[in-house]
Amino acid sequence: MERPAGLAPEMTDMVIQTLRQVVQRELPEEKRLELDREDIFPLDLIRHLLSPEVGLHLIFLPEAAGGLGGGARDICRVSEEMAAADLGVATAFLAICLGTDPILVGGVQEQKDLWLRRIASEGLIVAYGVTEPEAGSNVAALKTTADPVKDDAGQVVAYRLNGVKQFITNGGVAQLYTILAKAPGGPSFFIVERDTPGLSVGKKEDKHGIRASNTTSVILEDVEVPASQLVGGEEGVGLKQANAVFGYTRLMVGAFGLGSGQAALDRAVSYARTRQQFGSLLIEKEGYSLKLLVPHWIDLAAGRAYVEETALRIDRGEQDLQVEGSIAKYWCTETGNRAADAALGALGGYGYTREYMVEKFRRDVRITSIYEGTSEIQQSIIGLFRWKETTRSKGAFYEEQAAALDELARTHADVGAEAVAAALRGLSATILHCHERRLTRHQMVLFTLADLATRAEVAAAFARQAARLATDGSPLAPSHAAASRVFARQALAQLRGGAGLCVAGFLEVSDAEGLARARELMDRLGDDRDLKGRAGLWQDMELVAEHLRTSA
Ligand SMILES: Cc1cc2nc3c(=O)[nH]c(=O)nc-3n(C[C@H](O)[C@H](O)[C@H](O)COP(=O)(O)OP(=O)(O)OC[C@H]3O[C@@H](n4cnc5c(N)ncnc54)[C@H](O)[C@@H]3O)c2cc1C
């Protein structure tokens, strides 16, 4: 098989090692707390990270442009690592990556040669200007205009940009902006330098979290950019260019959710290992570990398996993984939020104070389920596309995945593959039922189907990873197998609950036929497998708790 795109693992390890050293040296905890408290953007640190000495941005730039040519897996690993240190600083990097992407995916060769090289060699801070005061989730509602400026021969030589961009990360500190504006041919990206006359920066936002990042509005008043700075040299392809990168930028934000959530949870685990109450350590208490620690550790591990698998698919050249990007973002950011919230509680009163950092992680991670498409937008995408795919393939889409898990269950009986296969088949039947009964016209039905699809698809990736670890003889195999069994059972339980809501939540009791059909489906989903499947759930969680008590 062809080697997937990206760095050799040793090289990625080196990048991570360098990053850790810089964080240790230049971003100790007191410094992070100070940046947060005083609302300071650490310009010197960002410049250092972009300097030839560190060159962190080179990971997402192609070798041809002087970058390292990192793949999606590399970028996700670095993203998770950065988010575990400081999500504000990580966000500044995300914006540089996002701002560069339209050129990377849509630029003509001369644009790539010029701008990507400059970003690589000069370490330019880039900003991505898409959102507007009245165009957030619905980007297509943008109002910023790009009017062509013609020469005497009627040739378009420049564009004049007018409008306001809202919530732009690096807005006040960037040297380069990629701005989405409406040209006569439709939304298009333009490359705009900071010192272009007419570009100014609005007020800095006073934010709930990620206070070390700089967020401002960007005002464009008759900003004239040469036609050579229309990305791709063609009008009207801006939304397509933005969509083309969602597969991996959303994966990157998913990795942020994992990094922040895990960092908070790790602190809770360390705390629970030393804190005594009622005569024993907190971590020894079943109700503490199985409620506040283990479920979140499992959910994060499952999300990581999904991100890794999807990143590898991207690195192997698979196209059109936007839905997978949405699933990764939705699961990992919501999980990161839940984990950070539980970690705060796990530290009791100390968790509620700033000094212990968990409070900061909890505030910071909240942004991950808002930017790069809110959770509700991800649910809309997942629900809509999985519904279409399932009906188009007459159920084959999930049936094929379920059959592969049946196969996995034969070789690895202890990773929960059987339960995941049942969840996937149940999901398929539920989608087809909702389609036939025209229930998918309800947004809440689509959202619930999205939740079920997300859980089941993440469970499938987790089971595959657990099986691989067992095959490789990894010391992590037993804890991951137990965690995967827990997750798989939960996928099946969630399916039954969610399916019930989908098929009955909008049904009137007087609709006798509808109720009968809904019952039929529920009977199909509700064999004794569920109860059987739940047997030993908490025992498996105990195995994971033991891993948390004893692992380094
Ligand atoms: C700190 C920060 C940094 C950011 N950085 C950047 C950046 O660098 N570049 C950039 O271009 N943008 C950036 N953004 C903007 C961000 O991507 C948007 O805020 C986000 O996409 C949501 O848009 P909105 O704020 O207009 O909310 P809205 O779109 O108005 O959404 C409000 C609420 O309605 C829900 N909603 C919207 N549509 C639907 C629907 N169809 N069905 C159900 N519910 C719906 C949303 O989920 C949300 O809960 C940033 C935002 C923040 C806060």
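Right above here is the structure, for reference.
Report follows, based on the coordinates. Predicted model only: the values in this text are computed from it and were never measured.

### Thoughts on the side chain of Glu309
- Relative to the helices and strands, Glu309 is located in helix H8 (residues 286–315).
- A polar atom in the side chain of Glu309 sits 2.8 Å from the side chain of Arg464.
- Filtering out sequence-adjacent residues up to four positions away, Glu309 remains in contact with Ala461 and Arg464.

### Side note on the site of the ligand
- In the region of the ligand, 19 residues are neighbours, and Tyr128, Thr131, Ser137, Thr374 and Glu376 sit closest.
- Here a nitrogen atom of the ligand and a backbone polar atom of Phe167 are 2.9 Å apart.
- Between the ligand and the protein, one listed contact pairs an oxygen atom with a side-chain N or O atom of Thr374 at 2.6 Å.
- In isolation the ligand exposes 980 Å². Once the protein is present, 67% of that is buried.
- Partitioned by chemical class, the residues of the shell around the ligand number 9 nonpolar, 7 polar and 3 charged.

### Considerations on the nonpolar core
- In this structure, Leu161, Phe190, Leu293 and Ile298 are the most contacted members of the largest nonpolar core, which totals 183 residues.
- If sequence neighbours within four positions are ignored, Leu161 has contacts with Thr145, Ala146, Ile179, Ala181, Phe190, Val192, Leu220, Glu221, Asp222, Val223 and Val225.

### Observations concerning the pattern of salt bridges
- Here the structure, examined in full by the defined rule, presents 41 salt bridges.
- When the shortest N-O distance is used, the salt bridge between Glu81 and Arg20 registers 2.7 Å. Of the two residues, Glu81 is situated in helix H4 (residues 72–85) and Arg20 in helix H1 (residues 9–26); the sequence distance between them amounts to 61 residues.
- Here Glu29 and Arg267 are joined by a salt bridge, their closest N and O atoms 2.8 Å apart. Placement of Glu29 in helix H2 (residues 29–38) and of Arg267 in helix H7 (residues 238–274) is noted, with a sequence separation of 238 residues between them.

### Regarding the pairing of strand E2 (residues 145–150)
- Note: E2 against strand E3 (residues 156–169), 6 bridges, orientation antiparallel. Within E3, the residue paired with Val149 across the bridge is Ala158.

### Focus on unusual backbone geometry
- Even without being glycine, Asn170 reaches a positive phi, approximately 70 degrees.
- With respect to the helices, strands and loops of the structure, Asn170 is situated in the loop between E3 and strand E4 (176–183).
- Overall, Asn170 belongs to the buried group, its relative accessible area being 1%.
- Here Lys394, not a glycine, exhibits a phi torsion of approximately 55 degrees, which is positive.
- As for its placement among the helices and strands, Lys394 is situated in the loop between helix H12 (375–392) and helix H13 (396–411).

Conventions we followed
- Residues numbered from 1 in each chain as written.
- Predicted model: local features only at pLDDT ≥ 70, side-chain atom pairs only at ≥ 80, totals over all residues.
- Heavy atoms only, no water.
- Helix = DSSP H or I, 4+ residues; strand = E, 2+ residues; numbered from the N terminus.
- Polar contact = N/O pair within 3.5 Å; in protein donor to acceptor, adjacent residues only side chain to side chain.
- Contact = heavy atoms within 4.5 Å.
- Near = heavy atom within 4 Å.
- Areas by Shrake-Rupley, 256 points an atom, 1.4 Å probe, with all protein chains shown as cover.
- Nonpolar A, V, L, I, M, F, W, Y, C, P; charged D, E, K, R; others polar.
- Core = buried A, V, L, I, M, F, W, Y, C linked by side-chain atoms within 4.5 Å.
- Buried < 20%, exposed > 50% of the residue type's maximum accessible area, 1.4 Å probe, protein only.
- Salt bridge = Lys/Arg side-chain N within 4 Å of Asp/Glu carboxyl O.
- Pairing = 2+ DSSP bridges.

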